[in-house]
Amino acid sequence: MKISMRDQMVETLEDLFVHEQRLTLLLADISASLFKDLLRKYPQRAYNLGILEQTLIGVAAGMALEGYIPIVHSIVPFLVERPFEQLKDDFSYQRLAGNFISTGASYDYSTEGMTHHGSGDVQILRSLPGMQIVVPGTAREFDTLFRAACTNDSPTYYRMGASVNPVDHSVSFGKLTVVRRGSQATLIAVGPMLAHVLEAAQDMDVTILYCTTVAPFDAETLRANSQSSNIVLVEPYYEGVLVPDIVAALKHTPLRIEAIGVPHQVLSHYGTPAQHDQSIGLTPQAIRSRIERFLQI
Amino acid sequence: MHTELTSINHLMALATGDEKHDTSAHSTLHVLWVLYDRVLHYDSANPRSEERDRFVLSKGHGPLAYYAILAARGFFPPSALKNFETWEGFLGGHPDRNQVPGVEASTGSLGHGLPMAIGIALALRAKKSERRVFVLVGDGECNEGSVWEAILLAGNLALSNLTCIVINNHSSTLSLGNLAEKFAAFAWTATTIDGRSHAQIEHALLQRDALRPSAIIAEIA
């Protein structure tokens, strides 16, 4: 049976802590029970600091200044939005490396209301110089990408979600994966959107690129796989974040771009994530309709 | 005045072109000078040596006294002060660790330095280092919520290698009441001193509680 990304995070970190002595884990209550073994085993390197997220990021930066490689974990609003200035000043501006693993992507916490939603994370983190952004589509892919990037010299954000693709793909940090090639359009599916995109375009003559590293964006693979001027971008967070990267990558080509994602709206319903998907059009059927209208087929 | 302090005042004048340094630089001058003259372990030829004590200027604004002391102590040539806040210079209005030798952490936005100092102190504890961490905050900075998060955390972690100096030049809009009592209530050991008395500053900085972080409220009248 496949495990969740969150459980995979615990397994991956428990393994890496044995081999990489520079890793530290800093929590603010979220997931503390999942990490109870690691917290007990490494009292000098793993801490649950309590509910103080600005200080959480600052403490992580302090440990990074001393040569440790911090891993910080919480849900999106409390990892990204509340301590955003600490991510900006303490990590990005100081050019420190660290790993920030979120849970609660977009409206995974659909019953809790918008204070607990996290659709804006990738958009605002994209503004930070040097910030790497990883959006895995499965637990296995999280493991692969985390191991690839966690000790490099830049701060890195990993966006875990409850919604995952049913099949693992071969992914490499910083690279788009070419899933299939076609002629009418290039579809770029980010993270857990791949399953929807594959179903939506199953009988279409299109290229499908799978994106699990949003930043740095792999412009080279896009350039090599965009024979058509039609680009469809499907993202699991606020729509259109990758459009500037796509335009920059293909700046000598006249382009038509359709950006599909979470719309900029206040979502006031509760219910299930699937009901939100239905409401805002992030289902295979709705995505197919958008592609058909865009391509006029 | 100590002869080196006179020369440090000259260095500060070199940066500003006159003797009118800002209030922030004046209020930190004596504490920083005693810290670098009599308390901190450091080697200016090897500013990132593991065997140094760490100092974080959490209140990043008004860094002139800090720069002048670092220059006087050999971290960089005093002539650099001539280019304070200029395009050609590396000494900005807030210190940048990637540009200024001897600066541990880039600061400027209030409420960031104390949490970073806690991270440094935790790291030194994990390394089993005996070195100490000093951090300077302003009383105005103590309006920031992150400062109180950090004070609560450091007391809970019993970070005995951490000393927080509060320069109380009464610039806070809000009344802070008795700061030493507040730190003590958060499980720190705390004392209030005259922030211009070198003897009191030295005595307070050399104290180290075995179990608790230390706070020094340096009153600047």
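Note that the structure is a prediction, hence the values are computed from the model and not measured. (Residues numbered from 1 in each chain as written. Chains lettered and ligands numbered in written order. Predicted model: local features only at pLDDT ≥ 70, side-chain atom pairs only at ≥ 80, totals over all residues.)

## Here we look at the interface of chain B and chain A
(1) Moving on: Taken together, the contact between chain B and chain A spans 21 residues of the former and 23 residues of the latter.
(2) Moving on: Sorting the residues of the side of chain B that touches chain A by element identifies α4 (113–126) and α5 (145–157) of chain B as the ones contributing at least two each.
(3) Moving on: The element best represented in the side of chain B that touches chain A is α4 of chain B, accounting for 10 residues.
(4) Moving on: In terms of residue class, the side of chain B that touches chain A is made up of 12 nonpolar, 6 polar and 3 charged. (Contact = placed C-beta atoms within 7 Å. Helix = DSSP H or I, 4+ residues; strand = E, 2+ residues; numbered from the N terminus. Nonpolar A, V, L, I, M, F, W, Y, C, P; charged D, E, K, R; others polar.)

## What about the sheet that holds strand β9 (residues 207–211) of chain A?
All names here are of chain A.
(1) Moving on: Strands sit in the order β7-β9-β8-β11-β12 across an open sheet of 5 strands; the sheet is mixed. With partners counted over all chains shown, the strands left at the sheet margins are β7 (176–180) and β12 (256–262), one partner each. Neighbouring strand axes in the sheet, compared pairwise and without regard to direction, differ in orientation by 20° on average. (Pairing = 2+ DSSP bridges. Axes fitted to C-alpha atoms, helices over the stretch in contact; angles between N-to-C directions.)

## Structural notes on the domain arrangement of chain A
Reports often express the size of an interface as the amount of accessible area lost when the parts come together.
Residue and element names in this part refer to chain A.
(1) Moving on: According to the domain assignment, chain A consists of domain 1 (5–159) and domain 2 (176–295).
(2) Moving on: Spacing between the C-alpha centres of domain 1 and domain 2 amounts to 26 Å.
(3) Moving on: Of all the elements in the fold, those that place two or more residues in the side of domain 1 that touches domain 2 are α6 (121–125), β5 (132–134) and α7 (139–149).
(4) Moving on: In terms of residue class, the side of domain 1 that touches domain 2 is built from 10 nonpolar, 10 polar and 5 charged. (Domains from an automatic or database assignment.)

## Observations concerning the pairing of strand β3 (residues 162–168) of chain B
Residue and element names in this part refer to chain B.
(1) Moving on: Counting buried positions over the 7 residues of β3 gives 7, a clear majority of the element.
(2) Moving on: Burial along β3 is two-sided: the face carrying L162, C164, V166 and N168 and the face carrying T163, I165 and I167 are both buried.
(3) Moving on: Pairing between strand β2 (residues 133–138) and β3: 6 bridges, direction parallel. Within β3, the residue paired with V135 across the bridge is C164.
(4) Moving on: With respect to chirality, the unit in which β2 leads through α5 into the neighbouring parallel β3 is right-handed.
(5) Moving on: The pairing of β3 with strand β5 (residues 214–219) spans 6 bridges and is parallel. Looking at β5, one finds that I165 is bridged to I216. (Buried ≥ 20, exposed ≤ 12 C-beta atoms within 10 Å, placed from the backbone. Right-handed = clockwise from strand over helix to strand, strands pointing away.)

## Points about the sheet that holds strand β4 (residues 189–194) of chain B
Residues and elements named next belong to chain B.
(1) Moving on: If you trace the 5 strands from one edge of the open sheet to the other, you get β1-β2-β3-β5-β4, paired in parallel fashion. Strands with a single pairing partner mark the edges of an open sheet, and in this sheet they are β1 (54–57) and β4. Direction aside, neighbouring strands of the sheet carry axes that sit 20° apart on average.
(2) Moving on: Bridge count between β4 and β5: 6 bridges; the pairing is parallel. Residue A190 lies in a different strand from β5, and its bridge partner there is A215.

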